[in-house]
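# Summary of structural features
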Amino acid sequence: MTAAKKRIVFCDFDGTITVNDNIIAIIRHFNPPGWEPIVEQTISQQISIREGVGKLFRLLPSSMQKEVVHFGITNARIREGFGEFLSYCRKNDIEFYVTSGGIDFFVYPVLEPFDIPQDHIYCNGHDFSGANIEITWPHPCDGQCSNECGMCKTTIMRSFPAEQYERIVIGDSVTDFEGAKLADAVFSRSHLTTKCQELGLPHSEYETFHDIIRVLDKGKDES
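What counts as what
Residues numbered from 1 in each chain as written. Predicted model: local features only at pLDDT ≥ 70, side-chain atom pairs only at ≥ 80, totals over all residues. Heavy atoms only, no water. Axes fitted to C-alpha atoms, helices over the stretch in contact; angles between N-to-C directions. Helix = DSSP H or I, 4+ residues; strand = E, 2+ residues; numbered from the N terminus. Parallel < 35°, antiparallel > 145°, perpendicular 65-115°, else oblique. Left-handed = near helix turned anticlockwise from the far one by under 90°. Contact = heavy atoms within 4.5 Å. Nonpolar A, V, L, I, M, F, W, Y, C, P; charged D, E, K, R; others polar. 1 Å grid on protein atoms, 1.4 Å probe; cavity = no way out; pocket = protein on both sides within 12 Å on 5 of 7 lines; lining within 4 Å. Points joined across faces, edges and corners; volume = space filled by probe spheres on them. Pairing = 2+ DSSP bridges. Salt bridge = Lys/Arg side-chain N within 4 Å of Asp/Glu carboxyl O. Buried < 20%, exposed > 50% of the residue type's maximum accessible area, 1.4 Å probe, protein only. Right-handed = clockwise from strand over helix to strand, strands pointing away. Core = buried A, V, L, I, M, F, W, Y, C linked by side-chain atoms within 4.5 Å.

Each pair of packed helices can be described by the angle between their axes along with the distance between the axes. Two elements in contact, helix α2 (residues 22-30) and helix α5 (residues 65-75), have axes separated by 10 Å at closest approach and are oriented at 130°. One element, α2, and the other, α5, form an angle in the oblique class. In the packing of α2 onto α5, the handedness of the crossing is right-handed. Within the contact between the two elements, α2 uses Asn22, Ala25, Ile26, His29 and Phe30 and α5 uses Glu67, Val68, Phe71, Gly72 and Asn75. A breakdown of the residues in the contact of α2 with α5 according to their chemical character gives five nonpolar, four polar and one charged.

Here it is as structure tokens:
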């Protein structure tokens, strides 16, 4: 990797920064009829992420706004070492961005204690004004992506050109597959590890953010 390039991290939220997948946890907790097939179709990529997440939340009435928001915030548990990883990034001049397929009503409050600038957090929005919860998509796919991601991680990554940046992806799920293909380094767990193995993509597995720090430190020592 070229030393002149600035290192930049694109980090997933659900199941990555948090231990659990908050979207799945919310839907499972409120248990609306018909949610399981939608999850299966989304993970297996039979339907797009945008379609799947939109359908899941549409199963919940907007009248449950308070309960859904409260559960989304209080249910999230931060993965070990995340605060230390942010400190590591600041100390080593690594730009850090959250690229999340999650929803702003729980992503922003959960991340608030960590002092991440809001313009460094990309996620989906919400609309509780109708009969059912609608998800809004302020960061859609650009002309180079036709996957209907909802929150398109590759679109965000392409705004930081490979010629200038060493792009690091940290993730765990279907929302991270395409970004992993563009990355210089991939830190993976769960579904993302399986996909990297299938695609033959180099990757480092992690369980905590301490694992990621160790690998980055090792790479720094070797460069």
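Further remarks concern empty space enclosed by the protein. Applying the stated criterion across every chain, the model contains one cavity of 30 Å³ or more. One number sums up the size of the largest cavity: a volume of about 40 Å³.

Turning our eyes to something else, we now look at the sheet that holds strand β5 (residues 165-171). Adjacent strands of a sheet form backbone hydrogen bonds with each other and so pair up, either parallel or antiparallel. Within the open sheet, the seven strands sit side by side as β4-β3-β2-β1-β5-β6-β7. Their pairing is mixed. The open sheet has two free edges, formed respectively by β4 (134-136) and β7 (204-205), since each of these has just one partner strand. Bridge count between strand β1 (residues 6-11) and β5: six bridges; the pairing is parallel. Residue isoleucine 8 lies in a different strand from β5, and its bridge partner there is arginine 167. Of the strands in this sheet, β2 (95-103) and β3 (121-127) are in contact with helix α7 (residues 104-111), which crosses β3 at around 135°. Contacts between helix α10 (residues 190-199) and the sheet are confined to β5, β6 (185-188) and β7, with β6 contributing the most and set at about 135° to the helix.

For the rest of this paragraph, the subject is the pattern of salt bridges. Here the structure, examined in full by the defined rule, presents twelve salt bridges. With a closest N to O distance of 3.7 Å, glutamate 198 and lysine 195 form a salt bridge. Linking glutamate 198 with lysine 195, this pair stays in helix α10, spanning three residues, or about one helical turn. Look at the salt bridges and you will find they share partners, linking Asp12, Lys153 and Asp176 into a network.

Across the seven residues that make up β5, a large majority, seven, are buried. Here β5 shows two buried faces, one formed by Tyr165, Arg167, Val169 and Gly171 and the other by Glu166, Ile168 and Ile170. Read from β5 through helix α9 (residues 177-182) to β6, the crossover connection turns out right-handed.

On to the nonpolar core, then. Residues Ile17, Phe57, Phe85, Phe96, Phe105, Leu111 and Ile170 are the most contacted members of the largest nonpolar core, which totals 70 residues. Apart from the residues lying within four places of it in its own chain, the contact partners of isoleucine 170 are Val9, Phe10, Cys11, Asp12, Thr16, Phe85, Asp176, Phe187, Tyr206, Phe209 and Ile212.

It is the contact of helix α3 (residues 35-43) with helix α4 (residues 49-58), at a shortest axis distance of 9 Å, that shows an interaxial angle of 165°. Classed by the angle they form, the pair α3 and α4 counts as roughly antiparallel. Every pair of crossing elements has a handedness; the one defined by α3 and α4 is left-handed. For the pair α3 and α4, contact is made by Trp35, Ile38, Val39 and Thr42 and by Ile49, Gly52, Lys55 and Leu56, respectively. Partitioning the contact of α3 with α4 into residue classes produces five nonpolar, two polar and one charged.

Below, the discussion takes up the pairing of β2. The element β2 is extensively covered by neighbouring structure, given that nine of its nine residues are classed as buried. As paired strands, β1 and β2 are joined by four bridges and run parallel to one another. Residue pairing for β2: isoleucine 8 is matched across the bridge by glutamate 95. As paired strands, β2 and β3 are joined by three bridges and run parallel to one another.

The phi torsion of most residues other than glycine is negative, and most of the peptide bonds are trans. If you check the backbone angles, aspartate 115 has positive phi at about 55° while not being a glycine. Take aspartate 115: it is sitting in the loop between α7 and β3. Given a relative accessible area of 64%, aspartate 115 falls into the exposed group. Positioned with a positive phi, glutamate 148 is a non-glycine residue whose angle comes to about 50°. Along the chain, glutamate 148 falls in the loop between β4 and α8 (153-158).

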